[in-house]
Amino acid sequence: MTAGDQQGARARIADADAISGSHVVGVTEVLGGVPKLATGLPGFDHVTMGGLPLGRTTLLVGPAGSAKTVIAGQFLAEGVHRGQPGVFVTFEEPAADLRLNLGTLGWDITAWEQQDLWRFVDASPVAGTEQVEVGDYNFAGLMARIGHAVDQTAAQRIVIDSVGAVFGMFNDPTMVRSQLHRLAMELRRMGLTVIITAEAAPESSGSVSRHGVEEFVADNVVILRNQLEDEKRRRTIEVLKLRGAMHSKGEYPFTVLPGQGVVVIPLSVMSLTQGSTVERITTGNVEVDAMTNGGFFRDSIVLASGATGTGKTLMVTEFMAGGCETGDRCLFFAYEESRDQIFRNARGWGRDFEQYERDERLRLVATYPEVASLEDHLVEIKNEIDEFRPNRIAIDSLSALERIGTTKGFREFIISLTSFVKAQRVAGLFTSTTSALLGGTSITEGHISTLTDAIVLLRYVETFGQVRRGMTVLKMRGSMHDRDIREFTIDGNGLHVGAPFRDVAGILTGRVVSRNGAVNDVEG
Amino acid sequence: MMADSTFTFTTYVDGQEMARAVTARLSELCDAHGVQPQIRVVDVGEQPQAAEEGNVIGVPTVVRESPRPRRRVIGALDDTRRVSNALGLDMYDGTGERR
């Protein structure tokens with residue numbers, strides 16, 4: 001090391017020693033824990049309760065194709081955005097490839113390199129260069145290169161991708177292990193916050209990573225998984241340990257999106273801190289407003305459940321139109337019908353969705369569920385909400401989304417969706433299709449019913465040679481509501497609520513029986 | 001001395017002690033085959049940029065720059081037979097003539 005290098009190293013050590021407060025940009029102080037650096041992975045900083053511990057080494061373990069490199073790149077890019085330069089040490093992909101691949105996330109890495117905010121140490125294998133090992137060696141060459149890059153940029157973050165590739169370059173794993181250990185000690189001494197990527201070990205080995213590197217490099221271990229479940233791919237991230245720091249336990253699903261990189265879905269980590277309001281909003285139908293004692297609450301989530309054709313989409317249409325007419329911004333996610341169909345149906349019920357869209361009060365997002373994974377849909381929904389800033393959203397239907405994920409994945413989707421929507425303080429109307437035409441429930445309901453503030457059931461009611469429609473408000477948190485099961489009809493103006501069914505029972509179960517054996521009649 | 005028996009090497013080392021040992025060992029091996037070495041020494045601590053350009057991880061690393069193709073040996077050059085083979089020195093007899 002030159003004198004200049006040593007001076008740089010000493011300055012960094014001093015920095016590292018001084019790091020006890022939050023004077024470094026982007027450092028979050030955690031109560032009773034260690035200061036942390038934001039990772040730049042949406043959602044992951046919730047799971048880690050602030051990011052990765054400052055000045056520590058985190059081992060990122062996962063199988064091939066589990067997005068280790070992308071995550072590592074995002075960690076460095078977040079540093080750049082926060083004025084903390086970073087060094088990317090690559091043993092696998094050449095720097096030229098990484099510039100291109102990571103560039104698809106919208107980063108101009110070349111420009112960052114010119115501004116000394118980012119450096120590659122390119123230790124990827126050169127094609128056609130074979131290397132023969134004869135006798136002892138050490139990694140002073142690598143250390144000098146890393147030290148140089150760190151000094152040139154005054155780096156605070158560093159990524160080593162991946163240690164598995166280093167083991168592949170040399171014959172003697174014991175030698176590599178001891179050299180990597182020295183490298184890890186040196187990076188720690190320099191006060192850098194480090195991500196080291198490694199390949200996952202086979203389950204049976206009892207070790208987290210191949211070559212057992214976690215034993216000597218890692219303060220923290222984060223595990224990525226990439227599993228096939230019911231023929232659907234599920235990617236998760238789990239914080240196994242975060243030495244001396246609080247974090248959320250368990251696996252969290254994530255997705256990799258073009259232009260955004262890895263997005264972690266933190267599920268129940270989202271805090272339920274929102275207050276509740278007594279403000280009412282119209283359901284878009286005066287008669288339904290009456291059943292709900294004045295409309296839905298401004299910040300409530302309502303589930304409308306019913307068999308196909310019972311009028312769920314109509315309820316949504318009226319809910320959206322009612323919002324547009326009262327000055328709300330309304331966002332409509334349609335997963336069952338095309339844009340044209342929805343517009344045509346709305347017109348048939350006397351609602352002009354085209355005009356609402358032109359007035360920018362309504363946005364309709366019609367997507368076929370199978371085009372993306374549940375995680376991708378969730379992120380799209382969040383992005384649309386962030387962008388459009390609606391007062392109301394509707395999803396028609398959750399059941400259509402249910403079929404593209406696993407049961408577990410769908411449950412996580414519902415939890416994450418509802419907690420996100422609640423945090424936004426918007427009113428949500430979600431629909432769920434029951435599989436049985438008469439009575440019945442859906443899996444969707446099982447997952448969402450406890451998370452919703454109100455449930456409206458729409459049912460076919462068979463009464464002696466006639467199929468009619470019935471509606472009831474099953475629950476409505478914090479409000480009085482009509483407890484009757486009322487008949488309703490649908491015409492060119494929409495939905496009309498009539499009188500309660502009397503003298504019949506079993507509407508909800510689908511087995512309607514007459515109380516007195518007489519022809520069932522609707523009262524009034 | 002034949003022109004084609006001149007070999008050029010770059011040796012990447014850490015510190016003067018390693019520089020001396022590797023240079024001496026390499027010269028000794030070349031002598032044994034009647035090969036004339038030209039050795040450029042890069043101390044990675046002083047020239048980290050050169051180590052970057054040479055993609056050096058472990059030291060000592062010896063790169064035979066010419067004749068082409070490049071050959072690369074890492075380690076303390078202990079095993080005479082293997083080093084001579086890896087650097088292509090064993091193509092030459094003791095007088096610098098090609099076998």
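Residues numbered from 1 in each chain as written. Chains lettered and ligands numbered in written order. Predicted model: local features only at pLDDT ≥ 70, side-chain atom pairs only at ≥ 80, totals over all residues. Heavy atoms only, no water.

**Re the overall build of chain A**
Looking only at helices and strands, chain A has 17 helices and 26 strands in total. Counting across all 524 residues of chain A, residues that qualify as buried make up 56%. Sequence-distant contacts, at least 24 apart, represent 67% of the contacts inside chain A between residues at least 6 apart. Accessible surface for chain A amounts to roughly 21,500 Å². Of this, 51% is attributable to carbon and sulfur atoms. (Helix = DSSP H or I, 4+ residues; strand = E, 2+ residues; numbered from the N terminus. Buried < 20%, exposed > 50% of the residue type's maximum accessible area, 1.4 Å probe, protein only. Contact = heavy atoms within 4.5 Å. Areas by Shrake-Rupley, 256 points an atom, 1.4 Å probe, with all protein chains shown as cover.)

**Structural notes on the packing of helix 6 (residues 140-153) of chain A against helix 8 (residues 173-189) of chain A**
Residues and elements named next belong to chain A. Across the interface, helix 6 lies against helix 8 with an axial gap of 11 Å and an inter-helix angle of 20°. Between helix 6 and helix 8, the angle is such that the two are roughly parallel. Seen from above, helix 6 lies across helix 8 with right-handed handedness. Touching L142, M143 and I146 of helix 6 are L183, E186 and L187, all from helix 8. Each residue belonging to the contact of helix 6 with helix 8 can be placed in one class, and the counts come to 5 nonpolar, no polar and 1 charged. (Axes fitted to C-alpha atoms, helices over the stretch in contact; angles between N-to-C directions. Parallel < 35°, antiparallel > 145°, perpendicular 65-115°, else oblique. Left-handed = near helix turned anticlockwise from the far one by under 90°. Nonpolar A, V, L, I, M, F, W, Y, C, P; charged D, E, K, R; others polar.)

**Focus on unusual backbone geometry**
In this structure, the amide linkage connecting D161(A) to the following residue, S162(A), adopts the cis form with an omega of -5°. Structurally, S162(A) is set in the loop between strand 8 (157-161) and helix 7 (163-169). One non-glycine residue, N293(A), lies in the positive phi region at around 65°. Inspection of the secondary structure puts N293(A) in the loop between helix 10 (286-291) and strand 15 (296-297). The exposure class assigned to N293(A) is partly exposed, which follows from its relative accessible area of 43%. Phi at L77(B) takes a positive value of approximately 60°, unusual for a residue other than glycine. Position of L77(B) relative to the elements: it lies in the loop between strand 4 (71-74) and helix 3 (80-86).

**Description of the pairing of strand 24 (residues 494-500) of chain A**
Residues and elements named next belong to chain A. Summarising the sheet, strand 23 (residues 486-491) and strand 24 pair through 5 bridges and their orientation is antiparallel. Across the sheet, D491 pairs through a bridge with G494, a residue of strand 24. Linking strand 23 to strand 24, which pair antiparallel, is a turn of 2 residues. (Pairing = 2+ DSSP bridges.)

**Let's talk about the environment of D328(A)**
All names here are of chain A. Relative to the helices and strands, D328 is located in the loop between helix 11 (312-325) and strand 17 (330-334). Note: C-alpha distance between D328 and R361 (33 residues apart in sequence) is 6.8 Å. Reaching out from D328, the side chain makes a polar contact with the side chain of R298 at a distance of 3.0 Å. (Polar contact = N/O pair within 3.5 Å; in protein donor to acceptor, adjacent residues only side chain to side chain.)

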